[in-house]
Amino acid sequence: MIFRLLGSFFNPRRSLQAQIGLLFGGLTILLTTLLSVAVGQQSKARIESNTGRSMEQMAHQLTDDLDRGTYDYYLQTQDIARQTTITDSQATLDGKRAVLDHTLTLHDDIAWISLVGVGGRVVLSTTSTQEGQNVSAEDWYAQTTPTTADVQVTDVVLSPTTPPSAILLYVMARWKDEKGQPLGLVITAVRSTFVDERVAELLESATFDNLHVIVTQADGTVIASTDPTMIGRSWADQPSYEMSTHQPYGHRIESVDGDEKYLTGYAVMDGFRNFPGLEWRVMVRKDAATAFEPANNLMRSLLFTGVLLAIGFAVVGWSLGSRITRPLVRMAASADAIRGGQTLVQLPILEGEDEVARLGHSLRTLVAQLTHEIDERRTLETQFRAMFELSLDAILVADGHNGTILQVNPASKRLLGYEPEALVGKPFVSLFPPEQASRDEIIERLKVYGAVFEEQEFLRQDGGTVLMDLTATLMPYRGKNGILITLRDITERHQLMLAQLESDAMRNQLAVQEQALNLKSTIVSVASHDLRNPLATILLSTDIIKRYGDRIPEEKRVGHFLRIETSIKYMQKLLDDLNLMDKLERGLVKPAPDVIDMPEFCNTLMDEALATTEIVRPFQFTLDPACTQIIQDPRLLRQAISNLLTNALKYSREGTPIEFSVNLAPDGQLRIVVRDYGIGIPLKDQENLFKSFHRAKNASGIPGTGLGLAITHRAVDSMQGTLAFVSVENQGTTFTILLPLILPPKNPAYQSTTIPHSA
C-alpha cells in the first residue's frame, strides 16, 4: 500500500515536481554516461596506442636478439670451417675432433657439430652415432648445394611433440682444404632452447604481466611459444601474420579462434650485418580485456559518480519543483471550484515579483473578467431560451461537423410530427426525402459559404412531406462549431403560387424566378459569409471607440478608423462586384465603344491595381506601336484587365515580376496577356475557374470572393472576345484576352515599344 502511494505521488505523468526531479536526474545520468563513454573510448585508444607500441618494440627487440644469436652461430660455424686443423688434409681425425669438442663446450645451445663429406657421408661428429651415416637424403642437407654461399642457415619445422631439446637450426659452412678444394660441409645443430632462453629473458625484462610470445618460421609454423601446445601449429591465418607480410613491424587488435581478442605487437627478423635473416615472425600479445581493464574501471567509476550526482540533482530538482508547483496547485484548486459553478471564488494572491506571482495576478484578473462574461452569457442564454421555446418556426441545432441534431424546440413537433427527443441524435439530412439530390450537399455548402437559404421538402413522422423555407447558418455551440437551422412552413404560400401558374408561360416564368432565387440564395450566402468579417471589424472598432475613446491614444484611435474605412471599402467593392455580376448575367450591360489611348489607359490600370492592394510587385509592360489607340468599351475593358492585374499581384511570389503586354495576334486580333510566376491553379480547379464564387483550393488563405474571373469572362464575352489561360501549380499563370481590333481613322506609331512601369 505504501509503495503504491509513493508510486502515485512520484508518478511523472501526474506530478510536475516529479517531472522536474526526473529531468535533472536524467540529464545528469545522460551527460555522465556520454562523458564516461567518451573518456573510456579515448583511454582505450591511448592504451591501444601505447601498449601496442610497447609490445611492438618488444617483438622487435626479440627479433633483434634472435638475429644476433643466429649471427653468432653463423660466425662460429664459419670460424670452425676456416681453422687450420679442419682445413689441413694432413691433420688427424683426433685433432679435428678436439676442435669440434672444444667448440661444443663453449655453447650450451649447440647439440652437435659434424663434418660431412662431399657425398653426404658424416666423416666426423661430436656424436659418435652419426659418424659413417649418409645424410644426403635429409631435407636440411638437400637445401644446401656447392654453389650456395659459404655459410647457410636452415630452419627446421617442429611438431607439437618436439621436445625442448630438439634441433631448431642447422648452420652449414663450406669445408675446404688448404688449397681451396671442397671437402664437404661443417654442420652445427642448434637446439630450440636458443629461442626459449631469449623469450624468457624478454618476459623477465617486460613491464607488462600476462604476456604471450609466439615465434613462427617464415611459412607461419610456430617454433616457439609461451604456450607449448601451440608449437607446430600454423599461424599463417591470423591477421597479425598477414600484416607482417606487408609491414616489418606494427601492432593491432585481433581475434583468435573467433572469440578471444588480443592486442598484438609483431616484428619480422630481417638479419644482422651480412647475415640475411630467416624472416621469422615474432608476436607479443596481451589479452585485450586485461589490457583495457584500466579504461573499463575508469568508465565504471564515472558511471557510479554519475548515478550519485543524478540522485543529488534529482533531489534538487524535486525541491525546485515544489517551489514552483505549490502555488500552481492552489490556483488549480480555485479554478476547479470556479468550473464547478462557484463564481465568487477568487484565486489566491501570491506575493513576490517572480514569474509564478505574475502569473497568479494575471490569472486573477482574467478570472474576474471571465466571471463577468459568464454572467452576461447566462443572461443571453436565458433570452435565447425564451425565443427558442416560444418560436412558431421549428428551430434545430446540429453538429457543424457531421450534421447530427443536438437540440430541438417544441414547434418542431407541430411541423414535423416528431417528439423533440426522437430527433436528437439523428442526422439532419435524414429529414430530407431520399430522392432529394442536394441532401448530402447541405453540410458542405455550409462549410464553404457559412449560410444556406432555400426551399426544401421535409419528411414528417407520418410519412408525408411538408415544404419549408430552410435557413441554416454556422454558429458557435458549446465550444465547437454548430448549425442553427430554422424551418418555416410555406405549404400554403407554395399552393397559392402554383394556382397562379396555369399556363406554360407562367411556368417558364416560375423557372426563371426559381433560377434567380437560387442565384440570389448563393449571392446572399457568399455576401453573408464575406461581409461577416468586415462587419465584425467595424462593430469591434466602433465598440472600442464608444467605450474607451477618451482613454485610448490618438494613434490607436486613428488605427481603428482606418480599419473601419478599409472594411467599408471592402464591402463596397464586394457589393459593386455583385451588382455588376448580376447585370452581366442578365445581359443588362451593353458595350459602349470609344477611342482608348492604350499607354495612358494601361498605366492607370497598373497604378490602380497597386493602390487597391498592399502587395508590391514590379510590372513589365510592353505595348505594340500598332495598338496605341483602339476603339473598345473602356468600362468593360477596364473591368477585365483590372481583375487580371489584381489577381496577378495577389497570387505571385515576392520578388517575381508581373508581365503585361498588348500586341497584335497572328490573326490580326488585339491580344492582351497578363502573366505571373505565382502559386498557379490546381488542375482540378481549372474547369470551374470562370464560375461565379469559385475559388481554387490553394487560394483559401488569400482574400477574395471568387467573382473577379467570372466578371472578366463575362466582360470579354460582352466585347465579342475570348478569354483563355495556361497555368501550372507552383509555377504561375498566363491569361490571354483576344478582342476584335478596331482602330480609329488615324493611329500614329510610337517610337518605343516598351513602356517601363515600376511600383
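Residues numbered from 1 in each chain as written. Predicted model: local features only at pLDDT ≥ 70, side-chain atom pairs only at ≥ 80, totals over all residues. Heavy atoms only, no water.

How do you make sense of a nonpolar patch on the surface when you look at a structure like this?
Nonpolar side chains collect at one region of the surface, where Leu23, Leu27, Leu30, Leu31 and Leu34 lie side by side and expose about 490 Å² of accessible area between them. Within the secondary structure layout, Leu27 lies in helix H2 (residues 16-82). (Patch = residues over 30% accessible without salt bridge, like charges linked within 9 Å, V, L, I, M, F, W, Y side chains within 5 Å. Areas by Shrake-Rupley, 256 points an atom, 1.4 Å probe, with all protein chains shown as cover. Salt bridge = Lys/Arg side-chain N within 4 Å of Asp/Glu carboxyl O. Helix = DSSP H or I, 4+ residues; strand = E, 2+ residues; numbered from the N terminus.)

Just checking my understanding: could you explain the pairing of strand E14 (residues 465-477) for this structure?
Regular strands show a simple pattern: their side chains alternate between the two faces of the sheet. Relative to E14, strand E13 (residues 451-459) is paired through nine bridges, and the arrangement is antiparallel. Bridge assignment links Phe458 to a residue of E14, and that residue is Val466. What sits between the antiparallel neighbours E13 and E14 is a turn of five residues, in which Gly463 has the positive phi angle 95°. As judged from the 10 bridges shared by E14 and strand E15 (residues 480-489), these two strands associate in the antiparallel manner. Following the sheet pairing, Leu474 is matched in E15 by Ile483. With antiparallel pairing between neighbouring strands as the criterion, E14 and E15 make up a hairpin whose turn holds two residues, including Arg478 at a positive phi of roughly 55°. (Pairing = 2+ DSSP bridges.)

What is the right way to look at helix H6 (residues 193-205) in this model?
Since the α-helix packs 3.6 residues into each turn, any two residues three or four apart lie on the same face. Across its 13 residues, H6 extends 18 Å between first and last C-alpha, which sits within 8% of the 18 Å expected from 1.5 Å per residue. Listing the buried residues of H6 in full gives Phe194, Val195, Arg198, Val199 and Leu202. Viewed along the axis of H6, the buried residues span an arc of 125°, placing them on a single side of the element. (Expected span 1.5 Å × (residues − 1). Buried < 20%, exposed > 50% of the residue type's maximum accessible area, 1.4 Å probe, protein only. Arc of directions from axis to C-beta.)

Got a minute to help me understand the packing of helix H18 (residues 634-651) against helix H20 (residues 708-718) in this structure?
The angle between the axes and the distance between the axes are what describe a pair of packed helices. Two elements in contact, H18 and H20, have axes whose closest approach is 8 Å; the angle formed by their N-to-C orientations is 150°. Note that H18 runs across H20; the crossing there is left-handed. Along its contact with H18, which presents Leu636, Gln639, Ala640, Asn643, Leu644 and Asn647, the element H20 presents Gly708, Leu709, Ile711, Thr712, Ala715, Val716 and Ser718. Across the contact of H18 with H20, the residue classes break down as seven nonpolar, six polar and no charged. (Axes fitted to C-alpha atoms, helices over the stretch in contact; angles between N-to-C directions. Left-handed = near helix turned anticlockwise from the far one by under 90°. Contact = heavy atoms within 4.5 Å. Nonpolar A, V, L, I, M, F, W, Y, C, P; charged D, E, K, R; others polar.)

So what exactly am I meant to see when it comes to the environment of Thr63 here?
Along the chain, Thr63 falls in helix H2. Spatially, the C-alpha atoms of Thr63 and Arg281 are 7.7 Å apart, while their sequence positions differ by 218 residues. In contact with Thr63, not counting residues within four places along its chain, are Ala267, Val268, Met269 and Val282. For Thr63, the side chain forms a polar contact with the main-chain oxygen of His60, separated by 2.6 Å. (Polar contact = N/O pair within 3.5 Å; in protein donor to acceptor, adjacent residues only side chain to side chain.)

Which parts of the structure should I look at to understand the pattern of salt bridges?
As a working rule, side chains carrying opposite charge can pair if their charged atoms are close by. Inspection of the entire model under this criterion finds seven salt bridges. Between Glu131 and Arg97 there is a salt bridge, with the nearest N and O atoms lying 2.6 Å from each other. Residue Glu131 is located in the loop between strand E2 (122-125) and helix H5 (139-142), and its partner Arg97 is located in helix H4 (residues 93-106); the two are separated by 34 residues in the primary sequence. On the basis of relative accessibility, which here comes to 28%, the residue Glu131 falls in the partly exposed class.

What's the story with the packing of helix H17 (residues 598-611) against H18 in this structure? I'm lost.
H18 packs onto H17 with a crossing angle of 45° between their chain directions and a minimal axis gap of 9 Å. In terms of orientation, H17 lies oblique with respect to H18. Here H17 and H18 pass one another in a crossing that is right-handed. On H18, the residues touching Phe601, Thr604, Leu605, Met606, Glu608, Ala609 and Leu610 of H17 are Pro634, Leu637, Arg638, Ile641, Ser642, Leu645, Thr646 and Leu649. (Parallel < 35°, antiparallel > 145°, perpendicular 65-115°, else oblique.)

Explanation requested: the sheet that holds strand E9 (residues 260-268) in the structure shown.
The strands that make up a sheet pair up through hydrogen bonds in the backbone, lying either parallel or antiparallel. Within the open sheet, the five strands sit side by side as E7-E6-E10-E9-E8. Their pairing is antiparallel. Each having just a single partner strand, strand E7 (222-225) and strand E8 (249-256) make up the two edges of the open sheet. The average angle at which neighbouring strand axes cross in this sheet is 25°, direction not considered. H6 rests against strand E6 (211-216), E7 and strand E10 (281-287) of the sheet, and its axis sits at about 150° to E6.

Would you mind going over the sheet that holds strand E22 (residues 732-739) with me for this structure?
Overall, mixed pairing links the five strands, which are arranged E17-E19-E20-E22-E21 in an open sheet. What marks the edges here is a single partner per strand, and that holds for strand E17 (619-623) and strand E21 (722-728). Each neighbouring strand pair of the sheet contributes to a mean axis angle of 10°, computed without reference to strand direction. Across seven bridges, the pairing between strand E20 (residues 670-676) and E22 is antiparallel. By the bridge assignment, Arg671 is partnered in E22 with Leu738. Together, E17 and strand E19 (658-664) form the strand contacts of H17, whose direction differs from that of E17 by roughly 165°.

Just to check I follow, could you spell out the confidence of the model for the protein for this structure?
Considering every residue of the protein, the mean pLDDT works out to 77; 73% of them sit at 70 or more. Confidence scores differ between elements of the protein, with helix H1 (residues 2-9) showing the lowest mean pLDDT of 47 and E20 the highest of 93. Note on residues 747-759: pLDDT is under 50 here. Beyond four places in sequence and across chains, it has 30 contacts. (pLDDT = per-residue confidence, 0-100.)

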